[in-house]
Amino acid sequence: MEDISEVITRIIKKRKLSEDGKKIAKTAIKHPSVQAFLAQNKDKLNKEIVQASLPTIFNYVEQIEAPNPVMEGYTPKLFLNGKVIDITYVPTEAKLNSEAKMRAERRIELIDLPGKLRHVELENVDSTPERDAALNEVAMFLASFKKNKHIKGLYLTGDFGVGKTYILAGLANAIARQGSRVVFLHVPSFIASLGSHFQDNSLSDEIDRIASAPVLVFDDIGAETLSEWSRDDVLGVILQKRMDNVLPTFFSSNMTMDDLAEHFAETRNNVDEVKARRLMERVRFLSKEVFVGGKNRRN
Ligand code: ADP
Ligand code: MG
């Protein structure tokens, strides 16, 4: 360690002060944060330790009063390091919050959806009477999910633009904040892009990954154009696996569940009520239908 008087002299030079270094350091001792530290540790401290630590204390007060921008997000804290007082830097609450938020954002995988959905917060979804049912269900889900990861999701149905995707994005972020991974998938784009997987045989991996996500959101189901294959071997397989493992699954749709049953029955070149019914059974098993109303917020 450097000689204390040298350090103090350097500090004084830098600050162009003429007073005696130790005097300046001693005024630092009067700083409320220093006083609090000294009071907390009074049993372990003695005059020698404090004397030897004056430059550190000075440095500490300087960091509090005129923080170095390099240390942004961290706040200095005194601690007793053997026979000297030392400084450690601890993350500020704001820093911890923003890190938690970033970690949560990384837990959400968006498939064919805009990145801005990562920033939707449930607290910012204004509750109108038409949305209350959905928001209450969402709150109940979050409370239950804390204790049990194998529960039913929700099926938000309502007109275009009422905020279904927005609410589910807020929910996804809250789930990610709790520590779970979420796959948030735009069904029409996903179905339309299935062909791109044929060349590299990656489809079954992709299906497995989606099917096994701890939480899955199927956004805008019913707006896709299905073939028998994409209905039975893609959607059907994913839903079956999630049903077998009771993994929370959410849907948003402009269609009610009954309308969706009809949509499933009609694929590009066939009508098949039986297969549609089987698929709907899975949707109904996995989620509870909730109506979302209100005005169209897109303009
Ligand atoms: P839906 O999925 O029901 O068709 P969206 O969730 O896409 O509707 O919402 C439509 C638009 O309104 C989006 O641009 C979304 O960002 C905005 N929006 C929805 N709900 C809110 C809200 N509570 N506060 C602010 N903007 C909202
Ligand atoms: Mg939507």
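Data block above holds the structure.
Residues numbered from 1 in each chain as written. Chains lettered and ligands numbered in written order. Predicted model: local features only at pLDDT ≥ 70, side-chain atom pairs only at ≥ 80, totals over all residues. Heavy atoms only, no water.

Q: Which residues make up the site of ligand 1, and what values do they have?
A: Taken together, 13 residues sit near ligand 1, with G161, K164, T165, Y166 and R298 positioned nearest. Here a nitrogen atom of ligand 1 sits 3.3 Å away from a polar atom, N or O, in the side chain of D126. A distance of 3.0 Å separates an oxygen atom of ligand 1 from a polar atom in the backbone of G163. Contact with the protein chains hides 78% of the accessible area of ligand 1, taken as 560 Å² for the molecule alone. (Near = heavy atom within 4 Å. Polar contact = N/O pair within 3.5 Å; in protein donor to acceptor, adjacent residues only side chain to side chain. Areas by Shrake-Rupley, 256 points an atom, 1.4 Å probe, with all protein chains shown as cover.)

Q: Which residues make up the side chain of E121, and what are the values?
A: Turning to its location among the elements, E121 is positioned in the loop between β3 (108–111) and α7 (129–147). Judged by its relative accessible area of 14%, E121 is buried. If we ignore the near neighbours within four places in the chain, the residues touching E121 are K101, G170 and R177. (Helix = DSSP H or I, 4+ residues; strand = E, 2+ residues; numbered from the N terminus. Buried < 20%, exposed > 50% of the residue type's maximum accessible area, 1.4 Å probe, protein only. Contact = heavy atoms within 4.5 Å.)

Q: So what's going on with the pairing of strand β2 (residues 84–91)? Which residues, and what values?
A: The pairing of strand β1 (residues 74–81) with β2 spans eight bridges and is classified as antiparallel. Bridge pairing in β2 places L78 opposite I87. Taken together, β1 and the strand that follows it, β2, pair antiparallel across an intervening segment of two residues, in which G82 is found at a positive phi of about 65°. (Pairing = 2+ DSSP bridges.)

Q: Which residues make up the pairing of strand β6 (residues 215–219), and what are the values?
A: Judged by how many residues are buried, β6 sits mostly within the fold: five of five residues are covered. Going residue by residue along β6, you find V215, V217 and D219 tucked away on one face and L216 and F218 tucked away on the opposite face as well. Pairing analysis gives five bridges linking strand β5 (residues 182–186) to β6, with the strands arranged parallel. Looking at β6, one finds that L185 is bridged to F218. Between β6 and its parallel partner strand β7 (residues 249–253), the chain crosses via helix α11 (residues 228–245), and the hand of that crossover is right-handed. (Right-handed = clockwise from strand over helix to strand, strands pointing away.)

Q: Go over the pattern of salt bridges, please, and point to the residues and values.
A: Under the definition given, this model contains ten salt bridges. With a closest N to O distance of 3.2 Å, R177 and E121 form a salt bridge. Taken together, the residues R177 in helix α8 (residues 164–178) and E121 in the loop between β3 and α7 connect sequence positions 56 residues apart. Assessed through its relative accessible area of 38%, R177 is described here as partly exposed. In this structure, the salt-bridge partner of D208 is K241, at a minimum N-O distance of 2.6 Å. Placement of the pair is D208 in helix α10 (residues 203–212) and K241 in helix α11, with a sequence separation of 33 residues. Among the residues examined, D208 registers a relative accessible area of 37% and is labelled partly exposed. Here the salt bridges do not stand alone but share partners, grouping E109, E206 and R209 into one network. (Salt bridge = Lys/Arg side-chain N within 4 Å of Asp/Glu carboxyl O.)

Q: Give a detailed account of the nonpolar core, specifying residues and quantitative values.
A: Nonpolar side chains in soluble globular proteins tend to end up buried together. If you look at the biggest cluster of nonpolar residues, it comprises 32 residues, and the most contacted ones within it are F141, L156, I167, L171, I175, F184 and F250. Only β3, α7, β4 (153–157), α8, β5 and β6 provide two or more residues apiece to this core. With 31 residues, the next largest nonpolar core counts I111, V183, V187 and I238 among its residues. (Core = buried A, V, L, I, M, F, W, Y, C linked by side-chain atoms within 4.5 Å.)

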